[in-house]
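Chain residues, written in single-letter form:
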Amino acid sequence: MRILPVLLCILVLPLAACGSSNTTTTDMDTGATIVAGGNNRLTLGVNSFLWHATLDTLAFMPLASADPFGGVVITDWYVAPNAPDERLKVTIYILDRALRADGLKVVVFRQTRAVGGWSDSQPAPDTAHKLEDAILTRARELRLSTLDRST
């Protein structure tokens, strides 16, 4: 499973700050946790709030790939229990280190089951937009919760 190395990286990164000579800061614009020890700095390659919001929003779908440094999340095909003849696959690109609406691109793929197997179909025009809105809303919530903890 490809998600395991990514999860390990995300879980281990905060632990790297446990040494006494390291300092940890959070960039409030990008949400990135910066772990510094000497000349070494480790950060996510994309906006941390968008990254975590994307994973939270797509938690109901199986992940095929997640790259926190390149900012790409690809789900596997998802079949909703109430629509067994339709499946969706989503690719999310996080394009910026800032928490901005234009720093996110959502692409949705849809297939329907036919007699010969699955065939490509057009997703509803607003599906990608609704996912994008959900991710941005969650990212804002995460940022606000971080601000509340820092005061």
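Residues numbered from 1 in each chain as written. Predicted model: local features only at pLDDT ≥ 70, side-chain atom pairs only at ≥ 80, totals over all residues. Heavy atoms only, no water.

A. Geometry of the overall build of the protein chain. Of the regular secondary structure elements, the protein chain holds three helices and eight strands. Counting from the amino terminus, helix and strand elements in the protein chain follow one another as α-β-β-β-α-β-β-β-β-β-α. Of all 151 residues assigned to the protein chain, the portion counted as buried reaches 30%. Nonlocal contacts in the protein chain, meaning residues at least 24 apart in sequence, comprise 42% of its contacts between residues at least 6 apart. Total accessible area on the protein chain stands at roughly 8900 Å², and carbon and sulfur atoms take up 56% of it. (Helix = DSSP H or I, 4+ residues; strand = E, 2+ residues; numbered from the N terminus. Buried < 20%, exposed > 50% of the residue type's maximum accessible area, 1.4 Å probe, protein only. Contact = heavy atoms within 4.5 Å. Areas by Shrake-Rupley, 256 points an atom, 1.4 Å probe, with all protein chains shown as cover.)

B. How the structure looks around the confidence of the model for the protein chain. Across the protein chain, pLDDT averages 80, with 70% of residues at or above 70. Every residue in residues 3-25 scores below 50 in pLDDT, and together they form 27 contacts with partners more than four places removed in sequence or on other chains. (pLDDT = per-residue confidence, 0-100.)

C. Fine view of the nonpolar core. In terms of nonpolar packing, the biggest core is built from 20 residues, with Val90, Ile92, Ile94, Leu104, Val106 and Ile135 touching the most fellow members. Secondary structure elements with two or more residues in this core: helix H2 (48-57), strand E6 (86-94), strand E7 (104-114) and helix H3 (127-150). Tallying contributions element by element places H3 first for this core, with five residues. Residue contacts for Ile92: discarding those within four places in its chain leaves Thr54, Leu58, Gly71, Val72, Val73, Leu104, Lys105, Val106 and Ile135. (Core = buried A, V, L, I, M, F, W, Y, C linked by side-chain atoms within 4.5 Å.)

D. Here's a closer look at the pairing of E6. Pairing between strand E5 (residues 72-75) and E6: three bridges, direction antiparallel. Paired with Val72 across the bridge in E6 is Tyr93. With nine bridges connecting them, E6 and E7 associate as antiparallel partners. Counted as the bridge partner of Ile92 is Val106 from E7. (Pairing = 2+ DSSP bridges.)

E. The arrangement of the packing of aromatic side chains in detail. Within this structure, the stated rule accounts for one aromatic pair. Centre to centre, the rings of Phe60 and Tyr78 are 5.1 Å apart; their planes meet at 85 degrees, and the pair counts as edge-to-face. Residue Phe60 is located in the loop between H2 and strand E4 (63-67), and its partner Tyr78 is located in the loop between E5 and E6; the two are separated by 18 residues in the primary sequence. Given a relative accessible area of 48%, Phe60 falls into the partly exposed group. By relative accessible area, which is 21% here, Tyr78 ends up partly exposed. Taking the ring centre of Trp77 as reference, the NZ or CZ of Arg87 above it sits at 4.6 Å. (Phe/Tyr/Trp six-rings, centres within 6.5 Å; stacked < 30°, edge-to-face > 60°. Lys NZ or Arg CZ within 6 Å of the ring centre and 35° of its normal.)

F. Inspection of H2 at higher detail. Burial runs high along H2: seven of the ten residues are buried. Where H2 is concerned, the buried positions are Ser48, Phe49, Leu50, Trp51, Ala53, Thr54 and Thr57. The residue sitting at the N-terminus of H2 and contributing the capping side-chain oxygen is Asn47; that oxygen lies 2.9 Å from the backbone nitrogen of Phe49. (Polar contact = N/O pair within 3.5 Å; in protein donor to acceptor, adjacent residues only side chain to side chain.)

G. Structural view of the sheet that holds strand E8 (residues 117-121). Taken in spatial order, the five strands of this open sheet run E4-E5-E6-E7-E8, and their pairing is antiparallel. At either end of the open sheet lies a strand with only one pairing partner, and these are E4 and E8. The average angle at which neighbouring strand axes cross in this sheet is 15 degrees, direction not considered. Looking at chain direction, E4 and E5 are connected through four bridges and run antiparallel. Note that in E5 the partner of Asp67 across the bridge is Val72. (Axes fitted to C-alpha atoms, helices over the stretch in contact; angles between N-to-C directions.)

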